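Examining the three-dimensional arrangement
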Amino acid sequence: MRITAARVIVTCPGRNFVTLKIETDQGLTGIGDATLNGREKAVVAYLEDHVIPCLIGQAADQIEHIWQYLYRGAYWRRGPVTMRAIAAVDVALWDIKAKAAGMPLYQLLGGRSRDRVMVYGHANGADIAETVDAVGRYIDMGYKAIRAQSGIPGIKDAYGVGRGTLHYEPADAALPSETTWDTAKALAHVPQLFEALRATYGFDHHLLHDAHHRYTPQEAASLARRLEDFRLFWLEDLTPAENQAAFRLIRQHSTTPLAVGEIFNTIWDAKQLIEEQLIDYIRTTVVGAGGITHLRRIADLASLYQIRTGCHGATDLSPVTMGAALHFDTWVPNFGIQEYMRHTPETDAVFPHDYHFEDGFLHVGDTPGHGVTIDETLAARYPYQPAFLPVAMLEDGTMWNW
Ligand code: EZ4
Ligand code: CO
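Analysis parameters
Residues numbered from 1 in each chain as written. Chains lettered and ligands numbered in written order. Predicted model: local features only at pLDDT ≥ 70, side-chain atom pairs only at ≥ 80, totals over all residues. Heavy atoms only, no water. Donors = N, O, S within 2.8 Å, 3.2 Å for Na, K, Ca; no water. Tetrahedral: all angles 85-135°; square planar, octahedral: opposite > 155°, others 65-115°. Helix = DSSP H or I, 4+ residues; strand = E, 2+ residues; numbered from the N terminus. Buried < 20%, exposed > 50% of the residue type's maximum accessible area, 1.4 Å probe, protein only. Axes fitted to C-alpha atoms, helices over the stretch in contact; angles between N-to-C directions. Parallel < 35°, antiparallel > 145°, perpendicular 65-115°, else oblique. Left-handed = near helix turned anticlockwise from the far one by under 90°. Contact = heavy atoms within 4.5 Å. Nonpolar A, V, L, I, M, F, W, Y, C, P; charged D, E, K, R; others polar. Polar contact = N/O pair within 3.5 Å; in protein donor to acceptor, adjacent residues only side chain to side chain. Pairing = 2+ DSSP bridges. Near = heavy atom within 4 Å. Areas by Shrake-Rupley, 256 points an atom, 1.4 Å probe, with all protein chains shown as cover. 1 Å grid on protein atoms, 1.4 Å probe; cavity = no way out; pocket = protein on both sides within 12 Å on 5 of 7 lines; lining within 4 Å. Sits in = over half its atoms within 2 Å of the grid points. Right-handed = clockwise from strand over helix to strand, strands pointing away. Expected span 1.5 Å × (residues − 1). Points joined across faces, edges and corners; volume = space filled by probe spheres on them.

In this section: the coordination of the cobalt ion (ligand 2). Listed as protein donors to the cobalt ion (ligand 2) are Asp210 (OD), Glu236 (OE) and Glu262 (OE); their distances from the metal cover 1.9 to 2.2 Å. For the cobalt ion (ligand 2), the 6 donor atoms are set out with angles of 24 to 172° between them, so the coordination reads as irregular. Spacing between the donor residues of the cobalt ion (ligand 2) along the chain follows D-x25-E-x25-E. With Asp210 in strand β7 (residues 206–210) and Glu236 in strand β8 (residues 234–236), this pair connects stretches of sequence that are 26 residues apart. Residues Asp210 and Glu236 agree in their burial class; the two are buried.

Packing of helix α6 (residues 183–201) against helix α7 (residues 217–226) brings their axes to within 10 Å, and their N-to-C directions diverge by 15°. By the angle class used here, α6 and α7 are roughly parallel. The crossing of α6 and α7 is right-handed. Here Thr183, Leu187, Ala188, Val190 and Pro191 of α6 lie close against α7, whose contacting residues are Glu219, Leu223 and Arg226. In terms of residue class, the contact of α6 with α7 is built from 5 nonpolar, 1 polar and 2 charged.

Let's shift gears to the environment of Pro257. Tracing the backbone shows Pro257 in the loop between α8 (247–253) and β9 (258–260). Given a relative accessible area of 23%, Pro257 falls into the partly exposed group. Taking C-alpha positions, Pro257 is 7.9 Å from Tyr281, a pair spaced 24 residues apart along the chain. Setting aside its immediate chain neighbours within four residues, Pro257 contacts Leu232, Phe233, Trp234, Leu235, Asp280 and Tyr281.

Another point: the environment of Ser113. Along the chain, Ser113 turns up in the loop between α4 (105–109) and β4 (117–125). Ser113 gets classed as partly exposed once you look at its relative accessible area, which sits at 41%. Spatially, the C-alpha atom of Ser113 lies 35 Å from that of Leu193, the residues being 80 residues apart in sequence. Of the polar contacts made by the side chain of Ser113, one reaches the backbone oxygen of Trp331; its length is 2.5 Å.

All right, on to the sheet that holds strand β3 (residues 29–33) then. The strand order across the open sheet built from 3 strands is β1-β2-β3, with neighbouring strands paired in antiparallel fashion. Looking at strand neighbours, the two that pair on one side only are β1 (3–11) and β3, the edges of this open sheet. Strand-to-strand twist in this sheet, taken as the mean axis angle between neighbours without regard to direction, amounts to 20°. Note: β1 against strand β2 (residues 17–24), 8 bridges, orientation antiparallel. Its bridge partner being in β2, Thr11 is matched across the sheet by Phe17. Where helix α3 (residues 80–101) meets the sheet, its contacts fall on β1, β2 and β3, and the angle it forms with β3 comes to roughly 145°.

Turning next to the site of ligand 1. In the neighbourhood of ligand 1, 14 residues make up the surrounding shell, with Asn37, Tyr159, His212, Glu262 and Asp316 lying closest. Interatomic distance of 2.9 Å between a side-chain N/O atom of Asn37 and an oxygen atom of ligand 1. Contact between ligand 1 and Arg283: an oxygen atom at 3.2 Å from a side-chain N or O atom of the residue. Contact with the protein chains covers 94% of the free accessible surface of ligand 1, which is 320 Å². With respect to the detected pockets, ligand 1 is housed in the largest pocket. The class makeup of the residues in the shell around ligand 1 is 4 nonpolar, 3 polar and 7 charged.

Here we take up the pairing of strand β5 (residues 145–150). Buried residues dominate β5, accounting for 6 of its 6 residues. Of the two faces of β5, the one lined by Ala145, Arg147 and Gln149 and the one lined by Ile146, Ala148 and Ser150 are each fully buried. Note that β4 and β5 share 6 bridges and pair parallel. Counted as the bridge partner of Ala123 is Ala148 from β5. Taken together, β4, helix α5 (residues 128–140) and β5 constitute a β-α-β crossover, and its handedness is right-handed. Pairing analysis gives 3 bridges linking β5 to β7, with the strands arranged parallel. Across the sheet, the residue bridging to Arg147 is Leu208, located in β7.

The next thing to look at is α6. Helical geometry: 3.6 residues make up each α-helical turn, so side chains three or four residues apart lie on a common side. Here α6 spans 27 Å end to end across 19 residues, near enough to the 27 Å set by a 1.5 Å rise per residue. Residues of α6 that are buried include every one of Thr183, Ala186, Leu187, His189, Val190, Pro191, Leu193, Phe194, Leu197 and Arg198, and no others. Buried-residue contacts for α6 involve α5, β5, β7 and α7. The backbone nitrogen of Ala184 has a side-chain oxygen 3.0 Å away, supplied by the residue at the start of α6, namely Asp182. Just past α6, the residue Gly202 takes up positive phi, approximately 75°.

A separate point is empty space enclosed by the protein. Per the stated rule, a full pass over the model turns up 3 cavities of 30 Å³ or more. Approximately 120 Å³ is the volume attributed to the largest cavity. Looking at the lining of the largest cavity, the element that brings in the most residues is α6, giving 4 residues. Of the residues in the lining of the largest cavity, the class split is 9 nonpolar, 5 polar and 2 charged.

Structure representation (structure tokens):
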């Protein structure tokens, strides 16, 4: 079975998505997600100019070989653009292989390790009272695990706070919007949020929080320690992780479980964090880290150290990534949790899929392949719209980490 054609489909049903479609001489096709939030066109060019010409004529069933060809063969390794392009090819080829076998993708990975996949939803509000209400709505919808973020007095557009809809979407402006950050204000506020949540709902639900890279290691250690009594499922991205050893300081001071990795591209970004057991959950997902082929290597390394998976699943990862991730989650022995920020009805219509949510869990489908397709006619009705993620600044104008 040879690859005869491949093309990139860009669509914006409320937000931008980049999808790669691969065709074969057997009539089988597969799709993979290549969306890089706020930098979409870079991956489009990488695929169209530098990847697709090399794919034509290759054996579609040699997924590992093609992965190595694109990774080693490019000479220039790693990075979000390269690894998302490789992920798109990889997922499209796994889709084709599973269709050729007449099996859902999780069967090719080794079959089920579980019946259903626990997910966490995103609750947020302008202040603590609003966030407490929002968490209540997620509990009513059946969620077992909920991420809670709240506005912080004195901080403009704190990370994770939506504007009145269930579909929080940070990439919402044709140029980056300016938000602010103040660590002292956040450190005073976040423990109060979790105190209120535990006082209102008790300890029957898993609560999570995303710090989005804002704290220094010392501040991060302080926050993790002060949240211990509220028994979080995890505290995410406390400090930037380019310096993986920074997490030693946090670990020395707190037993709050830590999650990192949604912006990692490869196993090398997480190697020290995993080998020194500095984290509890690894957040890399299919589109972020080179597809199924590379993600399962990361999960296997993590499993040696009792670290579990917690795949990134924000709305900027298309339903194609969500579908592929659910096959991975259904198989991976050291599964922890899956992020699930629901897509809009417009997005779901462009990407018909066979997974479904029920009572706090996502259920993978049994359609051969990864179970997600693209309605190209509908996709064509939503042209690309420039959209950037915001930037974050301190009060004096100093650039900070968004
Ligand atoms: O800000 O995916 O855990 N989830 C997150 C996301 C990220 C977006 C960035 O594109 O941190 O909301
Ligand atoms: Co995050």
